[in-house]
Amino acid sequence: MTDVPVRRLALLGGGFSTDTDGLLDDWVLRHARTPRPKVCFLPTASGDAAGYIERFLAAFHPRDCEPGVLPLFRRELDDDALRALVLAQDVIYVGGGNTANLLAVWRAHGMDRLLVEAYERGTLLCGISAGANCWAEGSHTDSFGPLTCLPDGLGLLPGSVCPHYDSEPGRRASYRAAVAGGALPAGWALEDGVAALFTDGQLTETVSRTAQARLYRLQPDGQGGAHERPLPSRRLPSTK
């Protein structure tokens, strides 16, 4: 009887692009399915920004992994090679930027289908900001300028996601209103510094790199508002 792969994804409120301690990235690697995982960075949401790619490679080359980058704006792989590359990865790490643009570009290249296939085969999917938004059914985003709702995503995580819950003005009130009014389904709000692991769509671990960072579960309260529940997290020990 063939074992069914465990399907996992992680929402990150930080990582190499924002933090100096590397705690959340190390936590991601510890959840990879192999001791020396292949980690592929997808910088699509930033338009494959060169500086972002350089920061990823500088952060992950010293680690015990095999880092790589998959650009799509200057794509060089045919469909078969693209599928082979994606399915060979142990971790797919999606960077921040514009969530709406990210999803549009992925669909143009068939990446949405490939990422779902990789997820079903046991590849750990993760990302920060837009790279966290993309896995859910919907998200809270500034992809169109002002903060708004994007009822669109890959749908691997039921509900909605809101990043930067504590660090960007207006995020908290706007996301609460979206959930309360039904513009977005119940979901998860991440403060900067927290990370959450979901296994088969269920929350299985929450960690933080600071004492203050929290993950929140938001649900309509049935009275026109939203109930916000902070969830316990394990503080990651500093390596310094």
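None of the values given here were measured: they were computed from a predicted structure.

(A) The arrangement of the overall build of the chain in detail. A tally of regular secondary structure across the chain gives 7 helices and 14 strands. Here the chain has a C-alpha radius of gyration of 17 Å; the compact-globule value for 240 residues is 18 Å, and the two agree. Each principal axis of the C-alpha atoms in the chain carries an extent, and together these give about 50 × 45 × 45 Å. Counting the 240 residues in the chain, one finds 53% classified as buried. Across the chain, the fraction of contacts at a sequence separation of at least 24, relative to all contacts at a separation of at least 6, is 70%. Only carbon and sulfur atoms are counted for the fraction: they give 51% of the accessible area of the chain, which is about 10500 Å².

(B) Summary view of the pairing of strand E13 (residues 226-231). Both strand E12 (residues 215-220) and E13 contribute to a ladder of 6 bridges, which runs antiparallel. Within E13, the residue paired with proline 220 across the bridge is alanine 226. With antiparallel pairing between neighbouring strands as the criterion, E12 and E13 make up a hairpin whose turn holds 5 residues, including glycine 222 at a positive phi of roughly 80°.

(C) A look at the packing of helix H3 (residues 79-87) against helix H5 (residues 111-120). One way to put it is that H3 packs onto H5 with a least axis distance of 9 Å and a crossing angle of 35°. Remark: the crossing between H3 and H5 carries right-handed chirality. Contacts between H3 and H5 involve Leu82, Arg83, Val86 and Leu87 from the first element and Met111, Leu114, Leu115, Glu117 and Ala118 from the second. Residues that form the contact of H3 with H5 fall into these classes: 7 nonpolar, no polar and 2 charged.

(D) Quick look at the pattern of salt bridges. In the structure shown here, the tally under the stated rule is 16 salt bridges. Taking the shortest distance from any N to any O, the salt bridge between aspartate 152 and arginine 107 comes out at 2.8 Å. Here arginine 107 lies in helix H4 (residues 99-109) and aspartate 152 lies in the loop between strand E7 (148-150) and strand E8 (157-162), a separation of 45 residues in the sequence. What makes aspartate 152 partly exposed here is its relative accessible area of 26%. For arginine 107, a relative accessible area of 34% corresponds to the partly exposed category.

(E) Geometry of the state of the cysteines. Applying the stated criterion across every chain yields a total of 0 disulfides. Looking at the unpaired cysteine 149, the closest cysteine sulfur is the one in cysteine 162, lying at 9.6 Å.

(F) Structural view of helix H7 (residues 171-181). Turning to H7, its buried residues are Arg171, Tyr175, Ala178 and Val179. All buried residues of H7 fall inside an arc of 95° around its axis, so they share one side. Residues of H7 that are exposed and point over 90 degrees away from its buried face: Ala173 and Gly181. Those residues of H7 hidden inside the fold are in contact with strand E6 (136-141), E7, E8, strand E9 (187-190), E12 and E13. Of the residues trailing H7, glycine 182 is marked for its positive phi of about 85°.

(G) View of the sheet that holds E8. Strand order across the open sheet formed by 6 strands is E7-E6-E8-E9-E12-E13, with mixed pairing between neighbours. The sheet is open, and its two borders are formed by E7 and E13, each paired with just one other strand. Going from strand to strand, the sheet's axes swing by 25° on average, the running direction of each strand aside. As paired strands, E8 and E9 are joined by 3 bridges and run parallel to one another.

(H) The nonpolar core, seen in detail. Ranked by internal contacts, the top residues of the largest apolar core, which has 41 residues, are Leu9, Leu11, Leu42, Trp106, Met111, Leu115 and Trp135. In terms of nonpolar packing, the next biggest core, distinct from the first, is built from 26 residues, Leu29, Phe60, Val91 and Ala195 among them.

(I) Layout of the packing of aromatic side chains. Under the definition given, this model contains 15 aromatic pairs. Look at phenylalanine 16 and tyrosine 52: their rings are 5.7 Å apart centre to centre, the planes differ by 35°, and that puts the pair in the tilted class. Here the residue phenylalanine 16 occupies a position in the loop between strand E1 (8-12) and helix H1 (23-30), and tyrosine 52 occupies one in helix H2 (residues 50-60), the gap between them amounting to 36 residues. For the residue pair phenylalanine 16 and tyrosine 52, the accessibility class agrees, reading buried in each case. Here a set of aromatic residues connected by ring pairs shows up, and it is made of Phe16, Phe41, Tyr52, Phe56, Phe60 and Tyr93.

Rules used in this analysis
- Residues numbered from 1 in each chain as written.
- Predicted model: local features only at pLDDT ≥ 70, side-chain atom pairs only at ≥ 80, totals over all residues.
- Heavy atoms only, no water.
- Helix = DSSP H or I, 4+ residues; strand = E, 2+ residues; numbered from the N terminus.
- Rg over C-alpha atoms; globule rule 2.2 N^0.38 Å.
- Buried < 20%, exposed > 50% of the residue type's maximum accessible area, 1.4 Å probe, protein only.
- Contact = heavy atoms within 4.5 Å.
- Areas by Shrake-Rupley, 256 points an atom, 1.4 Å probe, with all protein chains shown as cover.
- Pairing = 2+ DSSP bridges.
- Axes fitted to C-alpha atoms, helices over the stretch in contact; angles between N-to-C directions.
- Left-handed = near helix turned anticlockwise from the far one by under 90°.
- Nonpolar A, V, L, I, M, F, W, Y, C, P; charged D, E, K, R; others polar.
- Salt bridge = Lys/Arg side-chain N within 4 Å of Asp/Glu carboxyl O.
- Disulfide = S-S within 2.5 Å.
- Arc of directions from axis to C-beta.
- Core = buried A, V, L, I, M, F, W, Y, C linked by side-chain atoms within 4.5 Å.
- Phe/Tyr/Trp six-rings, centres within 6.5 Å; stacked < 30°, edge-to-face > 60°.

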